[in-house]
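# Fold and geometry: a report
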Amino acid sequence: MPDDLPSVAEVLAQEPAVLVLDARGAVLTCTPPALRLFEGSIDEIRGVEISAFFDDPSVWAELVAGALGGIMLSARADLHSVRGAPFSAVAAATVLAEGAEGRFLVRLIRAESPDSGPQTVRRTVPTAEQVLATDPRALERLELLHDAATRIGGSLDITRNAEQLLDVLVPAFADLGAVDLTESVLLGEEPMSFPPGTPMQRVAVAAASGCWPRESHAVGTTFRIGHEEAEHLRKGTPGVLPDLHLARAALKDDAERAALMLPPDATSLMVLPLLVRGGVLGAVGLWRAGGRAPFDPADVTLADEIGTRASLSLDNARRYNLERRTAEALQQGLLPRPVVEVEAAKTFGAHLPARAVTGIGGSWYDVIVLSSSRVGFVVGNAGGQGMNATAAMGRLRAAVQTLTDLDLSPDELLSHLNDLVVRFAEDEEQRDAVPAGSVHGATCLYAVYDPITCRCVLASAGHPGPVLVSQGGEADMVSVRPGLPLGRGAEPFEATELELSPGDVLSFYTGALARAPFHTRGLTLVREGTAGGAEGGRPVTEIGGRILEKLLQEPLDDDLALLVTQVCRLPEDATATWEVAADPSIVAGVRRRVADRLTSWGLEHLVFTTELIVSELVTNAIRYGGAPVGLRLIRDQRLICEVSDASQTQPHLRRARLTDEGGRGLFLVAQLTHRWGSRYTVAGKTIWTEQLLEQEP
């Protein structure tokens, strides 16, 4: 075996290598000399049974037997590192705790006589306290390393990681501590080089006395450091000022640097850079005060190892926060704006991510403005969490919005949506990949509210009904007849019709609120929040805020979407309705009545174009549709014109050729209006147009 004693002697020259093992002999933690001796990181060594490092495992078995029997055996042993490099050392084992949760303490010291071969020295073992009393600082450092290994990095929150780091170091290692991170890192950006003047923010502080000095930067303070400090952080080596008296004299006229470096009563300072991949995350400031010994080189080595672990934990949290913010931004980009106000309703929507690592999920809501002043409310959930669920939610929302252009009833729309989901699922199966967030099995509730009749029609695909608070009434859950979730069957969906009054509040919900075990408890919170807000006559945004406050009192295991709507009714004088005889000769009279009504509404500037639109649509309805023919004008945020007839033949927009005698009417209507379309009715169809009230420049 090659003699590696020079390197071992160098490693063990000042202090022994100490390891703490569990009851089965697996490494829990160790001191820096042990890491250098075994040529590995703590993550590579932790969990490995120490007998694996002995060339002759029986030597370790004899040491354990002696320790358990009250006899400490010191034996020269041949070992090897994680990389396989051989070395020799004298090993001694001590029992720190017995039982299933037992602990062993192992010390490795230099083998003074490498050529004498293995030899065992039998000694009566003293107590663990007596053994460690000969090297109390080694025990302190060992305990600190163990605390760092078990307490740092247990969170994916940057601030919590910084607080955990200070919990380990203060007061065990220092009397005061502060963690300062660059603003770019707090935003989730990749740590870069650290030029002078880089903004930093104090994210955590700790004091042995429990009171952070007022003279020093508090949590949340943003500051910039000078060239000298920036250069020191870029180098990545801890800096120590054992005595702060000279520093106080030098910085007496520099209040900014004094506030950063010199808390009152502090006597010794250590600055620990936090680096990953050559980039600067920030720094840890540590101070000792009173009669405590100043920081020394051994403290620097220990703090450097803890700082390395903390840097990795902070960087993991930074990466997670960046990915989570990106995913949440994607989901928010796929949702409508939170507050929508139209003549038919005022709405407030919100999406709350889960407390889980993924955070985002497949919950969504939507508010869709339909023809004839109607409005559609949608809530749904694609199962699963993460980006796949968000992508599935985006596909469903886009599909619903596209289908609403057909002006279908809620039950018909869900039937078409179900057919689409079946096709999507077949495509996923053909690709042999069904992602965690699949549209198959998603739920959806679609409601259409008409502010002229105050009727609301709902249909559900596996989704519970909303909470309804009527004016002067209590909060009740709307009973709907939910069909199967999307893609789970071909059964027809059933519609439910409600008669609402102006001011009634509907609270739609999805995600965590729609599933056990949170459903019953969450539904109670929604009902209480909706009822309390509606009774007080509060705006819908305040009602939604009250509900969210109640829901956020406990962490969410799944994301949720909430849509609170307060319905309105159009004034009676905002509509005008006529029944038109199936006689082309009466069209001129219809135009006059339309002109008179627009004049009474103060819309004289729209008379000419509206007359053209009405003339064309009414003439076509009389000629091709058949009686009864109806005409309705609606003055909303836009001017809406509807013409109904008994035919269910949908109009077709085309470009007429020069030789054609007809075919230009609908093309003309399309040019004169902002939007137009048609929808089926029970008695036939309705063609509608919209014009902007204010003429475009």
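Residues numbered from 1 in each chain as written. Predicted model: local features only at pLDDT ≥ 70, side-chain atom pairs only at ≥ 80, totals over all residues. Heavy atoms only, no water.

### Some details on the packing of helix α17 (residues 587-600) against helix α18 (residues 607-625)
Direction vectors running N to C along α17 and α18 enclose 145°, while the axes themselves pass 9 Å from each other. Viewed along their axes, α17 and α18 form a crossing whose handedness is right-handed. Two secondary-structure elements touch here, α17 through Val587, Val590, Arg591, Val594, Ala595, Leu598 and Thr599 and α18 through Val607, Thr610, Glu611, Val614, Ser615, Val618, Thr619 and Ile622. Residue composition of the contact of α17 with α18, by class: 9 nonpolar, 4 polar and 2 charged. (Axes fitted to C-alpha atoms, helices over the stretch in contact; angles between N-to-C directions. Helix = DSSP H or I, 4+ residues; strand = E, 2+ residues; numbered from the N terminus. Left-handed = near helix turned anticlockwise from the far one by under 90°. Contact = heavy atoms within 4.5 Å. Nonpolar A, V, L, I, M, F, W, Y, C, P; charged D, E, K, R; others polar.)

### A few points about the confidence of the model for the protein chain
Averaged over the protein chain, the pLDDT score is 83; the fraction of residues at 70 or greater is 87%. Here residues 1-6 is modelled with pLDDT under 50, and outside its nearest four sequence neighbours on either side it reaches 11 contacts, counting other chains as well. A low-confidence stretch, residues 113-134 (pLDDT under 50), is modelled with 36 contacts involving residues beyond four sequence positions or located in other chains. (pLDDT = per-residue confidence, 0-100.)

### Observations regarding the packing of aromatic side chains
The final tally for this structure, using the stated rule, is 7 aromatic pairs. Between Phe38 and Phe53, the aromatic rings sit 4.6 Å apart at their centres with planes inclined by 50°, giving tilted as the arrangement. Pair noted here: Phe38 is in helix α2 (residues 32-38) and Phe53 is in the loop between α3 (42-45) and α4 (57-68), with a separation of 15 residues, a long-range link. Across the pair, exposure class does not vary: Phe38 and Phe53 are buried alike. On the basis of an interplanar angle of 75° and a centroid distance of 6.4 Å, the ring pair of Trp60 and Phe104 is categorised as edge-to-face. In this pair, Trp60 is assigned in helix α4 and Phe104 in strand β5 (residues 103-109), connecting sequence segments 44 residues apart. Owing to a relative accessible area of 7%, Phe104 belongs among the buried residues under this scheme. (Phe/Tyr/Trp six-rings, centres within 6.5 Å; stacked < 30°, edge-to-face > 60°. Buried < 20%, exposed > 50% of the residue type's maximum accessible area, 1.4 Å probe, protein only.)

### Notes on the sheet that holds strand β26 (residues 638-645)
Within the open sheet, the 5 strands sit side by side as β24-β25-β26-β28-β27. Their pairing is antiparallel. On the outer flanks of this sheet lie β24 (575-580) and β27 (675-680), each paired with one strand and no other. Across the sheet, the mean angle from the axis of one strand to that of its neighbour is 15°, orientation sign disregarded. In this structure, β24 lies alongside strand β25 (residues 629-635), joined through 6 bridges in antiparallel fashion. For Ala576, the partnering residue across the bridge sits in β25 and is Leu633. Sheet strands in contact with α17 are β24, β25 and β26, and its direction is about 175° off that of β24. In the packing of α18 onto the sheet, the strands contacted are β24, β25, β26 and β28 (685-692), and the crossing angle to β26 comes to about 15°. (Pairing = 2+ DSSP bridges.)

### Things to note about the environment of Phe87
One can find Phe87 in strand β4 (residues 86-97). Taking relative accessible area as the criterion, Phe87 reaches 3% and is therefore assigned buried. Phe87 sits 50 residues away from Leu37 along the chain, and the two C-alpha atoms are 8.5 Å apart.

### Digging into the sheet that holds strand β11 (residues 266-276)
Strand order in this open sheet of 6 strands is β9-β8-β7-β12-β11-β10, and the pairing throughout is antiparallel. Whereas interior strands pair on both sides, the edge strands pair on one side only; in this sheet they are β9 (222-224) and β10 (239-241). Across the sheet, the mean angle from the axis of one strand to that of its neighbour is 25°, orientation sign disregarded.

### Details of the pairing of β28
A regular strand places its side chains so that they alternate between the two faces of the sheet. The buried fraction of β28 is high, at 7 of 8 residues. Pairing of β27 with β28 involves 6 bridges; the strand directions are antiparallel. Bridge pairing in β28 places Ser678 opposite Ile687. Between β27 and β28, which follow one another and run antiparallel, lie 4 residues.

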